[in-house]
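Reading the structure
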Amino acid sequence: MKPIYPAVKAVIVKDGNFLALKKRGVEGDVFELPGGRMNYGETHGEALFREVYEETKLQVQPFILYDTWEFFHEEYQITGVIYLVEMPEVGEIELSEEHEEYRFLPLEKESLQVMDIVFASRMERWDMEAIKGFMKK
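Here is what the cut-offs are and how they apply
Residues numbered from 1 in each chain as written. Predicted model: local features only at pLDDT ≥ 70, side-chain atom pairs only at ≥ 80, totals over all residues. Heavy atoms only, no water. Phe/Tyr/Trp six-rings, centres within 6.5 Å; stacked < 30°, edge-to-face > 60°. Helix = DSSP H or I, 4+ residues; strand = E, 2+ residues; numbered from the N terminus. Buried < 20%, exposed > 50% of the residue type's maximum accessible area, 1.4 Å probe, protein only. Lys NZ or Arg CZ within 6 Å of the ring centre and 35° of its normal. 1 Å grid on protein atoms, 1.4 Å probe; cavity = no way out; pocket = protein on both sides within 12 Å on 5 of 7 lines; lining within 4 Å. Points joined across faces, edges and corners; volume = space filled by probe spheres on them. Nonpolar A, V, L, I, M, F, W, Y, C, P; charged D, E, K, R; others polar.

This next bit is on the packing of aromatic side chains. All told, the structure shown has seven aromatic pairs when counted by the stated rule. Relative to tyrosine 76, the ring of tyrosine 5 lies with its centre 5.8 Å away and its plane at 65°, an arrangement referred to as edge-to-face. Here tyrosine 76 lies in the loop between strand S4 (64-72) and strand S5 (77-86) and tyrosine 5 lies in strand S1 (residues 4-14), a separation of 71 residues in the sequence. In this structure tyrosine 76 comes out as partly exposed when scored by relative accessible area, which is 22%. One aromatic cluster in this structure is built from Tyr5, Phe71 and Tyr76. Across the ring face of phenylalanine 104, the terminal group of lysine 14 is positioned such that the distance to the ring centre comes to 5.7 Å. The ring of tyrosine 5 carries arginine 37 above its face, with NZ or CZ at 4.1 Å from the centroid.

Printed below as a string of structure tokens:
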């Protein structure tokens, strides 16, 4: 039996835009959401806090569980959840060695053209205007 790994991702929202990271060594303009695999004994919230901090030095808290995602590799599967998160008011983004670039992309369908297909395929179904309105409250 092949392993299944749980994971978490964050849609960090700031002024109608979301944070996207470019993994080091990936060809072209392909971005992903911050986050990663959970460790044994972690809650989703703890894993999200740890992964986002490791990758960006931002201290975030899950705001609302918004969606799920799946990635299938021939040797394993990753099954994850996506949280909406507000950009912290303090702290600046400092990327880890894992990523080489970040961008704040507009919360719009056009932004999905540069997102990894794993996340773009989920995000294309989202109501971006509703997310923008919800995250302003």
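What follows picks up the thread again.
Each pocket or cavity is described by its volume, and for the largest pocket that value is around 410 Å³. In terms of lining, the largest pocket is formed by 21 residues, of which the most central are Lys9, Lys23, Glu32, Ile78 and Phe119. At the level of elements, S1, strand S2 (17-23), strand S3 (35-37), helix H1 (44-56), S4 and helix H2 (117-123) are the ones that each hand at least two residues to the lining of the largest pocket. Looking at the lining of the largest pocket, the element that brings in the most residues is S3, giving three residues. Its residues assigned to classes, the lining of the largest pocket shows 11 nonpolar, two polar and eight charged. The space that makes up the second largest pocket amounts to roughly 210 Å³. Lining the second largest pocket are Val13, Lys14, Asp15, Gly16, Glu86, Met87, Pro88, Glu89, Lys132, Met135 and Lys136. If you list the elements that add at least two residues to the lining of the second largest pocket, you get S1 and helix H3 (128-136). It is H3 that provides the largest number of residues to the lining of the second largest pocket, a total of three residues. A per-class count over the lining of the second largest pocket returns four nonpolar, one polar and six charged.

Nothing here speaks to function; it is all geometry.
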